[in-house]
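Each chain, written out:
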Amino acid sequence: MISKKQACAIFESAGLSLYEKQFLQLSKYLELLLETNQHMNLTAITQPEEIWRKHFLDSAVLLQQITIPLGAACLDVGTGAGFPGMVLAVLRPDLYIVLLESLKKRARFLEETAQTLGLWNVECVHARAEDAAKEKVYREMFDFVTARAVAVLPVLVEYCLPYVKVDGVFVAMKGPSEDIAFAETAAEKLGGTVEKECVYSLEGIGTRKLYIIRKSVHTPAAYPRRGDKIKKKPLI
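Draft legend 1. Structural view of the layout of surface pockets. Of the pockets and cavities examined, the largest pocket occupies roughly 600 Å³. Every residue lining the largest pocket is counted, 30 residues in all, and those nearest its centre are G78, T79, G80, A149 and V150. For the lining of the largest pocket, the secondary structure elements donating two or more residues are α3 (48–60), β2 (96–101), α7 (129–132) and α10 (227–232). Ranked by residues supplied to the lining of the largest pocket, first place goes to α3 with three residues.

Here it is as structure tokens:
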């Protein structure tokens, strides 16, 4: 494990602060992650300092690049081991955060971890993105939706934009290779408008991109399509 001084230095390298309670919660999260990772595939990154940089910091930097309103309802699609959603819940306890995960074992890990960390602002949902988006309780109910390297942009937009409220935003977290131009057609068909591309660099990680798509009108009822159709014939 790493010390609070080391953790603070990692966050400070990106201009972010880290408070005592946040450090303790993230340290416990790391402990649970590594322990569970011994019998469940959660992450290929197993060195504590790398987890702090490549998972925790990479998730936290969203709060530096994007303004999320106080008390906003947020959704993390395909959250996996909880990135970025669980980290956002630690750093912004005012947010209501839903972690959507299609694998039952991972969803159970997330639920147990949120309880252990005392994150009562977190709800864990076990469902496929294309299925839950058809349910009234989730469809167009979120101010802020994000996903981290889940799929190529046109596919990701169809999975995520149906959850976004009109005037809310979807933010895709990506590496340097993808281009927002590939998502413009999908965004328009689903009621969104490409608003901004943020390019930044993190120490020990390299260049990262955020693609911001604002929901301008309601998503047509036909979307999202079935998962196999989304993948085989993306909206490009």
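Draft legend 2. Structural view of the pattern of salt bridges. On inspection of all chains with the given rule, the structure shows 16 salt bridges. In this structure, K215 and E140 form a salt bridge, with 3.0 Å as the shortest nitrogen-oxygen distance. Placement of the pair is K215 in strand β7 (residues 206–215) and E140 in the loop between α7 and β4 (142–148), with a sequence separation of 75 residues. Each of the two residues, K215 as well as E140, counts as buried. A single salt-bridge network, built from bridges that share partners, covers E49, R53 and E203.

Draft legend 3. Spotlight on the environment of A127. Within the secondary structure, A127 is located in the loop between β3 (122–126) and α7. For A127 and E101, which are 26 residues apart along the polypeptide, the C-alpha to C-alpha distance reads 6.0 Å. Setting aside its immediate chain neighbours within four residues, A127 contacts L100, E101, S102 and A132.

Draft legend 4. Local environment of the packing of helix α1 (residues 4–12) against α3. At their nearest, the axes of α1 and α3 sit 10 Å apart, and the two run at 45° to each other. Here α3 runs oblique to α1, going by the angle between their axes. The handedness of the crossing between α1 and α3 is right-handed. For the pair α1 and α3, contact is made by A7, I10 and F11 and by E49, W52, R53, F56, L57 and A60, respectively. Within the contact of α1 with α3, the residues separate by chemical class into seven nonpolar, no polar and two charged.

Draft legend 5. Up close: the sheet that holds strand β1 (residues 73–77). What the seven strands build is an open sheet, ordered β3-β2-β1-β4-β5-β7-β6; its pairing is mixed. Edge positions in the open sheet fall to β3 and β6 (192–202), since each of these has one partner strand only. On average, adjacent strands in this sheet sit at an angle of 20° to one another, irrespective of strand direction. Where β6 lies against β7, 10 bridges are found, and the strand directions are antiparallel. Residue pairing in the sheet places S201 in a bridge with T207 of β7. Against the sheet, helix α8 (residues 153–160) touches β1, β4, β5 (164–174) and β7, its axis set at about 145° to β5.

Draft legend 6. Region of interest: the nonpolar core. Grouped together as the largest cluster of nonpolar side chains are 55 residues, with contacts concentrated most on F11, L18, L26, Y29, W52, F56 and F144. Here this core takes seven residues from helix α2 (residues 20–37), the largest share from any one element. Beyond its immediate sequence surroundings of up to four residues, Y29 is in contact with F56, A81, G82, F83, M86, V87, F109, T113 and L117. Residues V98, A147, A183 and L235 belong to the second largest nonpolar core, which totals 36 residues.

The rules behind each value
- Note that residues are indexed from 1 along each chain, following the sequence as it is written.
- Residue-level local features of this predicted model are given only where pLDDT is at least 70; pairs of side-chain atoms are given and counted only at 80 or more, and the full residue set underlies all totals for whole chains, interfaces and linings.
- Water and hydrogen atoms were dropped before computing side-chain values, which therefore reflect all heavy atoms in the structure.
- Using a 1 Å grid laid over the protein atoms alone, points where a 1.4 Å probe fits but cannot get out form a cavity; open sets with protein on both sides within 12 Å along at least 5 of 7 lines form a pocket; any residue with an atom within 4 Å of a point counts as lining.
- Grid points are joined across faces, edges and corners, and a volume is the space filled by probe spheres set on the points.
- Helix and strand definitions here come from DSSP, where helices need a minimum of 4 consecutive H or I residues and strands a minimum of 2 consecutive E residues; each element is numbered from the N-terminal end.
- Any carboxyl oxygen of Asp or Glu within 4 Å of a side-chain nitrogen of Lys or Arg constitutes a salt bridge here.
- Throughout, exposure labels follow a simple rule: accessible area from a 1.4 Å probe, protein chains only, divided by the maximum for the residue type, with under 20% read as buried, over 50% as exposed, and the rest as partly exposed.
- Contact between two residues is taken to exist if any of their heavy atoms lie within 4.5 Å; hydrogens are not considered.
- Every angle, taken between N-to-C directions, lies between 0 and 180 degrees, and every axis is a line fitted to C-alpha atoms, over only the stretch in contact when it is a helix.
- Roughly parallel means an angle under 35 degrees; roughly antiparallel, over 145; roughly perpendicular, 65 to 115; everything else is oblique.
- In a left-handed crossing the near helix is turned counterclockwise from the far helix by less than a right angle, and in a right-handed crossing that turn is clockwise.
- Nonpolar residues are Ala, Val, Leu, Ile, Met, Phe, Trp, Tyr, Cys and Pro. Charged residues are Asp, Glu, Lys and Arg, and all others, Gly as well, are polar.
- When DSSP finds at least two bridges between two strands, those strands are taken to pair.
- Residues belong to one nonpolar core when they are buried, are Ala, Val, Leu, Ile, Met, Phe, Trp, Tyr or Cys, and are joined through side-chain atoms within 4.5 Å.

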